[in-house]
There are 2 protein chains.
Amino acid sequence: MNISRAAVLSGVSAKMIRHYESAGLVPAAARNGSGYRVYSMDDVHRLAFIRRARAVGFGTPDIRQLLSLWQNRRRPAREVKRLAVEHLAQLQTRIADLEAIADTLSHLIGHCHGDERPDCPILDSLAADDRQPAASASSKPRQAGKK
Amino acid sequence: MNISRAAVLSGVSAKMIRHYESAGLVPAAARNGSGYRVYSMDDVHRLAFIRRARAVGFGTPDIRQLLSLWQNRRRPAREVKRLAVEHLAQLQTRIADLEAIADTLSHLIGHCHGDERPDCPILDSLAADDRQPAASASSKPRQAGKK
DNA sequence: TCTTGACCTTCCCCTGATGGGAAGGTCAAG
DNA sequence: CTTGACCTTCCCATCAGGGGAAGGTCAAGA
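Below: a short report on this structure. (Residues numbered from 1 in each chain as written. Chains lettered and ligands numbered in written order. Predicted model: local features only at pLDDT ≥ 70, side-chain atom pairs only at ≥ 80, totals over all residues. Heavy atoms only, no water.)

What surrounds DNA strand D is a group of 21 residues, the closest being A:Arg18, B:Lys15, B:Ser34, B:Arg54 and B:Thr60. Taking all atoms of DNA strand D within 4 Å of the protein, the share assigned to sugar and phosphate is 72%. Note that a phosphate oxygen of DNA strand D is positioned 2.9 Å from one of the side-chain N or O atoms of A:Ser4. Residue assignment for the surface near DNA strand D shows that the elements contributing at least two residues are helix H1 (3-10) of chain A together with helix H2 (14-23) of chain B. (Near = heavy atom within 4 Å. Polar contact = N/O pair within 3.5 Å; in protein donor to acceptor, adjacent residues only side chain to side chain. Helix = DSSP H or I, 4+ residues; strand = E, 2+ residues; numbered from the N terminus.)

Here it is, written out as structure tokens:
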């Protein structure tokens, strides 16, 4: 089958199929006489696997490893679990970071009256000096020797 | 002062100061006789404002608007609050998405024994067929007329 | 005065996943 | 043969940065 059919069956756009090929996530597709890429159902399954792995947030290097573990009949489940646990930890870190930002923001929003008046704690907070005065050095101290 | 001093005082790297200039977030800096960029404390404050806005996750277009609201003495706080509320909503959407992914992943992890055996529900789930069979069409139905 | 090295400039490439679009070749139906 | 749906490769853009090269400028010390 051609690439667009493989795209429909796998749920991965033709654009991304070519991209995964150039990124080495999938082996270079076979070609027919006119240079068109030709796919088998095995290829489609592999692409769908990639789509699902991406849907749970795995990045290219992780997916590469997952694919090779998937191919290998004798893989230990331990390896797969380790990858997943690491990835989950990263996700949780990102979530916590975003939550901290959201908390800050909603705090600011709660203090802003939000009417016609120009005074606004949100802007005030963005404009506030949050860095300590950096000791001395008046203008251009052309470092005597930094590192 | 030169760009590296402005970078230290504002907490924005010299690289990013140039980037913000080319992106139009800050007006083109004044130049001295040799073409070096020259900054005032006003410029530094503006850069620090950008840094803080980025720290709460605002993107370039939002920051552009926040800066112009900040400059304008007669702005209504309403405008600022609206931007912040919109941005918060986007943050919460992203957080919810990530949490859904994390939940899925931790569910899978919980079902994986993670030892030497090769059977692994994580890989099984990534390999599982999750798309309905797409009706018919056997091979290459070269569309008679799609859209 | 010359040397040195810290600083400045512009320009280009990289990230990661994805899409848009152009230029040009192929194929099948009418 | 024409048409248009499909395929190919290549380049560009996103976002918020960072890395680094090539080359000009400046100030301090010998």
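On the side of chain B, 65 residues touch chain A, which itself brings 65 residues to the contact. When chain A packs against chain B, close to 5,400 Å² is buried across both sides, 65% of that on carbon and sulfur atoms. Broken down residue by residue, the surface that chain A buries against chain B is led by A:Arg52, A:Leu123 and A:Leu126, which jointly contribute 13%. Linking chain A with chain B are two salt bridges, by the criterion used here. Of the charged contacts in the structure, one is a salt bridge between B:Arg78 and A:Glu116, with a shortest N-O distance of 2.7 Å. Taken together, chain A and chain B are joined by 16 residue pairs in polar contact (both at pLDDT 80 or more). If you list the elements that add at least two residues to the side of chain A that touches chain B, you get H1, helix H3 (41-55), helix H4 (60-71), helix H5 (77-110) and helix H6 (121-127) of chain A. Ranked by the residues each element gives to the side of chain A that touches chain B, the list is headed by H5(A), at 19 residues. Taken together, the residues of the side of chain A that touches chain B sort by class into 34 nonpolar, 13 polar and 18 charged. (Contact = heavy atoms within 4.5 Å. Buried area = accessible area lost by both parts, 1.4 Å probe. Salt bridge = Lys/Arg side-chain N within 4 Å of Asp/Glu carboxyl O. Nonpolar A, V, L, I, M, F, W, Y, C, P; charged D, E, K, R; others polar.)

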